[in-house]
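Close look at the chain arrangement
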Amino acid sequence: MPTPLPWLNYHHLLYFHATAREGSMTAAARKLRLAQPTLSGQIKLLEDALGEPLFERKGRRLELTPTGRVVYRYAEEIFGLGQEMLQAVR
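Below or above, wherever it landed, is the structure these notes cover. The residue numbering used here restarts from 1 in each chain and proceeds along that chain's sequence as written. Local features in a predicted model are, by the rule used here, given only for residues with pLDDT of at least 70; side-chain atom pairs are given and counted only at 80 or more, and totals for whole chains, interfaces and linings are based on all residues. With hydrogens and water excluded, all non-hydrogen atoms of the structure serve as input to the side-chain values.

**Overview of the pairing of strand β1 (residues 55-58)**
The condition is simple: For two strands to count as paired, DSSP must find a minimum of two bridges between them. Secondary structure is summarised from DSSP: a helix means a run of H or I of at least four residues, a strand means a run of E of at least two, and numbering begins at the N terminus for each.
Two elements, β1 and strand β2 (residues 61-64), share 4 bridges in a ladder whose sense is antiparallel. Counterpart to Glu 56 in the pairing with β2 is Glu 63. In this structure, the hairpin formed by β1 and β2 is closed by a connection of 2 residues, where Gly 59 is found at a positive phi of approximately 65 degrees.

Right, here's the structure in full:
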């Protein structure tokens, strides 16, 4: 029996995307109206699911790891397509 594919939590992806765009968990948490520890925990769950870190700390800023850059490109496309779908339905 084949192993089932892992499930992607799109909320986690949204939180990652916002954090990458904002450059910090504090700014992303404020924008998403979440507590910073909540946001951090959700991104950690995404990293655990992917088996790779997505950010590395550079002073006060977060920078994407190579894996983070790949995930960010996919997130941009996924959320861009979501917006396109909403416009098409309207």
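Resuming the write-up.
**Quick look at the side chain of Glu 47**
Keep this limit in mind: Only protein chains enter the accessibility calculation, which uses a 1.4 Å probe; a residue is then buried when its area is under 20% of its type maximum, exposed when over 50%, and partly exposed in between. In summary, the charge assignment counts Lys and Arg as positive and Asp and Glu as negative, without counting His or the chain termini. One side-chain nitrogen of Lys or Arg within 4 Å of one carboxyl oxygen of Asp or Glu is enough to make a salt bridge. Only heavy atoms matter for contacts: two residues are in contact if any of them lie within 4.5 Å across the pair.
Checked against the element boundaries, Glu 47 lands in helix α3 (residues 36-50). Lys 44 provides the closest opposite charge to the buried, unpaired Glu 47, separated from it by 5.2 Å. With near-sequence residues (within four places) excluded, Glu 47 lies in contact with Glu 52, Pro 53, Leu 54 and Phe 55.

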